[in-house]
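Structural features, examined
The chain contents come next:
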Amino acid sequence: MDFIYADVNATHPCSTEHLMQVWDMLQPNQGNPSSIHPLGRRARLLVERSRRSIAECIGAQAREIFFTSCATESNNWVLQAVCARLFFEKRPKLLISAGEHSSIRVPAAALEKKGLCEVVTIGLQRNGQVDEEALLEQVDQNCVGIFLIHTHNETGVVNDVESLAIEAKKRNPDVWFHIDAVQSLGKVELRSLGGGFIDSASFSAHKIGGLQGVGCLYKKEGRMLSPLLLGGGQERALRSGTQNVAGIVSFGLRAAHALHHPDWLGSAKLATQRFQRRLQKIPHARIHVSLVETVGTVTFFCLEGIPRERLLVAFEQAGICVSAGSACGSGTPVPNPTLLAMGIDAWAATHSVRVSFGEANREAEADRVADIVEKAVFAVK
Ligand code: PLP
């Protein structure tokens, strides 16, 4: 069966052309980038070239980029380091939003459970953005870190991290401002990010069509962070472990591709517009966030009164891959916390589906996905 892949926010597939490019670059240079012999030095050059490409995308310096195994590692690293950084008489306070990815939410809760910090979760507005006033109200001398998703992986909504960081630092200049920018790279203009208004940001190669299993952390020059992994001192002693050269090469190529082809997601945006126009005509279909509020490649929706299972079975039968959100251990769907925090009712929050398009998707596929939604609605009538 030919699949229609509409789950790009989970992972953006690699093209054959990209894989061949990675192979061509890697094959003659397969040393350990820490080795001083010629093949080691050649592998090191590849790593450094990618570091520069990624830095260029966010207006940072190459030495502010640290390669990791994934964005989950980058997020965990900063959370743990920020908690360990300062010893307060009172427990330090971390702020996160109710829309955070599990790679922030879960480690933050674990740190709180260990008694290392207090975690304050800031609510969302109906449009999906964090409640900015509520967040800034919480920034006091005890607040050591703010961890905020930049572009939301489910709704596609972008938080105004620049103005929030500037305002937060007026209230507490020492506060560490971290953003999870995994879904922003290649979708949102980030070239002012390296200008220094935030302290750190996480990225991941597989969200922009690179290989899975490689990420990075941008850390502002001069801001101190203790390492999560100790060992051989790779990544300028801040992240030990032999670098994933294949993954890093792939990451650098895709970052450069996104930077030099600003419209690389043009067909994904057209497909999304087409899909949403079709949805608007389908009875029961409810899109949670208006397209203009988002990066333009994702649709989070439900069919009012029609259980999500019905739609998922129809997609499965048609070979359409979408995101169904999470289910509890018994397989029962659980309400999506981001939608609940936006004030969306529990039924809709439990029965929503995410369709996200990427570089290879075309409007004809959007039509096919919409046809299946229509059929699922029609089957109920
Ligand atoms: N943050 C966001 C917003 C994501 O969408 C993801 C991936 O799903 C991650 C973090 C984790 O990225 P990785 O798969 O590289 O660990």
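Counting of residues starts from 1 at the beginning of each chain's written sequence and follows it residue by residue. In view of the model being predicted, local features appear only for residues whose pLDDT reaches at least 70, and side-chain atom pairs are presented and counted only at 80 or more, with totals across whole chains, interfaces and linings using the full set of residues. The side-chain numbers reported here are obtained from all heavy atoms of the structure, hydrogens and water having been left aside.

Remarks on the state of the cysteines
Disulfide: a pair of cysteine sulfur atoms within 2.5 Å of each other. Summed over the entire model, instances satisfying the criterion amount to zero disulfides. A disulfide-free cysteine, C216 has its sulfur positioned 9.5 Å from the sulfur of C57, the nearest such atom.

Focus on the packing of helix α1 (residues 16-26) against helix α7 (residues 245-260)
Helix axes use the C-alpha atoms of the stretch in contact, all axes being lines fitted to C-alpha atoms, and the angles between their N-to-C directions lie in the range 0 to 180 degrees. A helix here means a DSSP run of H or I that spans at least four residues, while a strand means a run of E at least two residues long, and both kinds are numbered starting from the N terminus. Running from amino to carboxyl end, α1 crosses α7 at an angle of 125°, the nearest separation of the two axes being 10 Å. Taken together, the axes of α1 and α7 lie oblique to each other. Crossing hand, α1 versus α7: right-handed. Note on element contacts: α7 touches α1 through V245, A246, V249, S250, L253 and R254, opposite H18, Q21, V22, M25 and L26. Taken together, the residues that form the contact of α1 with α7 break down as seven nonpolar, three polar and one charged. In these notes the angle categories are as follows: under 35 degrees is roughly parallel, over 145 is roughly antiparallel, 65 to 115 is roughly perpendicular, and the rest is oblique. Left-handed describes a crossing whose near helix is turned anticlockwise from the far helix through less than a right angle; right-handed describes the clockwise counterpart. Here, residues are in contact when the closest pair of their heavy atoms is within 4.5 Å. Any residue that is not Ala, Val, Leu, Ile, Met, Phe, Trp, Tyr, Cys, Pro, Asp, Glu, Lys or Arg is counted as polar, Gly included; the first ten are nonpolar and the last four charged.

Re α7
The span you would expect from a helix comes to 1.5 Å times its residue count less one. Across its 16 residues, α7 extends 22 Å between first and last C-alpha, which sits within 8% of the 22 Å expected from 1.5 Å per residue. Exposure categories follow from relative accessible area, calculated using a 1.4 Å probe and restricted to protein chains: below 20% of the type maximum is buried, above 50% is exposed, and the middle band is partly exposed. Extensive coverage of α7 is indicated by the burial of twelve of its 16 residues. Of the surrounding secondary structure, the elements contacted by the buried residues of α7 are α1, α2 (38-57), β2 (65-68), β7 (200-204) and β8 (215-219).

Re the pattern of salt bridges
Salt-bridge detection follows one rule: a side-chain nitrogen of Lys or Arg within 4 Å of a carboxyl oxygen of Asp or Glu. Applying the stated criterion across every chain, the model contains 18 salt bridges. A salt bridge links R278 to E374; its shortest N-O distance comes to 3.4 Å. Of this pair, R278 sits in helix α8 (residues 266-280) while E374 sits in helix α12 (residues 363-380), and the two are 96 residues apart along the sequence. Residue class for R278 comes out buried when judged on its relative accessible area of 18%. Take E374: its relative accessible area is 37%, and that puts it in the partly exposed class.

Focus on the packing of aromatic side chains
Stacked, tilted and edge-to-face pairs are distinguished by plane angle, under 30 degrees for stacked and over 60 for edge-to-face with tilted covering the rest, among Phe, Tyr and Trp rings (Trp via its six-membered ring) whose centres lie within 6.5 Å. Scanning the entire structure with this criterion turns up four aromatic pairs. Feature note: the residues F275, F301 and F357 constitute an aromatic cluster, connected by ring pairs.

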